[in-house]
Amino acid sequence: MENAPTLTALLHGPDQPGLVARVSGWIFERGGNILHADQHRDMEAGVFFQRVEWIPPADTDLAAAAAGFRSFASTLGMQARVASSRHRPRVAVFVSKADHCFHDLILRWKAGDFACDLVAIVSNHPDLGRAAESYGLPFHVIPVTAATKPAAEARQLALLQELKVELVILARYMQVLSEDFLKAFARPVINIHHSFLPAFAGGRPYHQAHERGVKLIGATAHYATPVLDDGPIIQQDVARVTHRHSVEDLIRKGRDLEKVVLAQAVQWHLGNRVLVYGNKTVVFD
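Before going into details, it helps to say that this report is about the structure given with it. What you are looking at is a predicted structure, and each value in this text was computed from that prediction instead of being measured.

This brings us to the pairing of strand β5 (residues 90–95). For a regular strand, side-chain orientation follows a simple rule: the groups alternate between the two sheet faces. In terms of residue burial, β5 counts as a mostly covered element, since five of its six residues are buried. Bridge count between β5 and strand β6 (residues 117–123): six bridges; the pairing is parallel. Paired with V91 across the two strands is L118, which belongs to β6. Sheet topology places β5 next to strand β8 (residues 167–170); four bridges connect them, and they run parallel. Across the sheet, A92 pairs through a bridge with V168, a residue of β8.

Okay, the pattern of salt bridges next. Pairs can form between side chains of opposite charge whenever their charged atoms are close. Per the stated rule, a full pass over the model turns up nine salt bridges. The partner of D104 in a salt bridge is R108, with the nearest N and O atoms 2.6 Å apart. You can see D104 and its partner R108 sitting in helix α3 (residues 100–110), four residues apart, about one turn around the helix. Taking relative accessible area as the criterion, D104 reaches 16% and is therefore assigned buried. Taking the relative accessible area as the measure of exposure, R108 reaches 27% and is therefore partly exposed.

Another point: the sheet that holds strand β11 (residues 233–240). As summarised here, the arrangement of the seven strands in space is β7-β6-β5-β8-β9-β10-β11, forming an open sheet in which the pairing is mixed. Whereas interior strands pair on both sides, the edge strands pair on one side only; in this sheet they are β7 (139–141) and β11. Ignoring which end each strand starts from, the neighbouring axes of this sheet average 20° apart.

What follows deals with the sheet that holds strand β3 (residues 47–55). Strand order in the open sheet formed by four strands is β2-β3-β1-β4, and the pairing between neighbours is antiparallel. The sheet is open, and its two borders are formed by β2 (33–42) and β4 (79–84), each paired with just one other strand. Taken over all neighbouring pairs, the strand axes of this sheet differ in orientation by 10° on average, direction set aside. The sheet contact formed by strand β1 (residues 7–14) and β4 spans six bridges and is antiparallel. If you follow L11 over to β4, its bridge partner there is A80. On top of the sheet, helix α1 (residues 19–29) reaches β1, β2 and β3; it is set at about 20° to β3, its chief contact. Strands in contact with helix α2 (residues 62–75) are β1, β3 and β4; relative to β4, the strand with the most contacts, it is inclined by about 165°.

Turning our eyes to something else, we now look at the packing of α1 against α2. Put simply, α1 and α2 touch, their axes get as near as 12 Å, and they point 150° apart. Considering their axes alone, α1 and α2 lie roughly antiparallel with respect to each other. Considering the relative orientation of α1 and α2, their crossing is right-handed. Mapping the contact onto sequence places R22, V23 and W26 in α1 and A65, G68, F69 and F72 in α2. When its residues are assigned to classes, the contact of α1 with α2 shows five nonpolar, one polar and one charged.

Moving on, we come to the packing of helix α7 (residues 205–212) against helix α8 (residues 247–270). Interaxial distance between α7 and α8 falls to 9 Å at its minimum, and their mutual angle equals 125°. The angle between α7 and α8 falls in the class oblique. For α7 against α8, the interelement crossing comes out right-handed. The residues of α8 that touch α7, namely those facing Y206, H207, A209 and H210, are V247, L250, I251, G254, R255 and E258. Considering only residue class, the contact of α7 with α8 consists of five nonpolar, three polar and two charged.

About the criteria used
Residues numbered from 1 in each chain as written. Predicted model: local features only at pLDDT ≥ 70, side-chain atom pairs only at ≥ 80, totals over all residues. Heavy atoms only, no water. Buried < 20%, exposed > 50% of the residue type's maximum accessible area, 1.4 Å probe, protein only. Helix = DSSP H or I, 4+ residues; strand = E, 2+ residues; numbered from the N terminus. Pairing = 2+ DSSP bridges. Salt bridge = Lys/Arg side-chain N within 4 Å of Asp/Glu carboxyl O. Axes fitted to C-alpha atoms, helices over the stretch in contact; angles between N-to-C directions. Contact = heavy atoms within 4.5 Å. Parallel < 35°, antiparallel > 145°, perpendicular 65-115°, else oblique. Left-handed = near helix turned anticlockwise from the far one by under 90°. Nonpolar A, V, L, I, M, F, W, Y, C, P; charged D, E, K, R; others polar.

Everything listed here is a matter of coordinates, which is why it stays silent on function.
This is the structure in structure tokens:
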């Protein structure tokens, strides 16, 4: 049973009596064994959210079971996403010159923390090429300027399509992905922003924080949307600072936050623990 594949469903929709019983009953009737179940109700919106993970019988067609559960959920007025533990999403990491999040992600992936296949490192600069090669990872340089951005994004999209990438992680990739890119990719993109959003969106947030004299700095991992630094937030954390800290001190302290916050968000996403609705998320821990 330890190595048996599991199915994980994330579902949400209008709250109504008996949802938990009906979901668990559907799994039980098909011989499934529930490992984890968690639910949440948005009291203001009247929306029910649930994450349930179960082991189906050994001879189960996992794809058919997932489709069957989605059909069942629709009869309850619920939207559902179902993932199999046998599936390892194909992931690309986008970087620029900053390397702290890049190295942290790769080392965690090599340690087995992320259930995915890392298939490409994509950068607008050549600086991290040798590091990527030392990890045995394909490195693709696609320069981006204001004049060449549409063509560069077209090359990026072609590469992602060729590699069948299902998730992009922006590891301090210092370029804004266009609305056209996000619509064409139509897959999740996780970004790390070096600020406790919604404060200090955009560029140079540590400088803005220092000028404002804040006593806390933060980092925010969120899904990228066409509106800059405004996507659904997955994870955030903060560190205390004082008047004695310089901008360089804030940047140094912030690097540690960025690494941990991004890694946690990626792990939750790959573990099928993040449910997006509107511009918010429910994260099942």
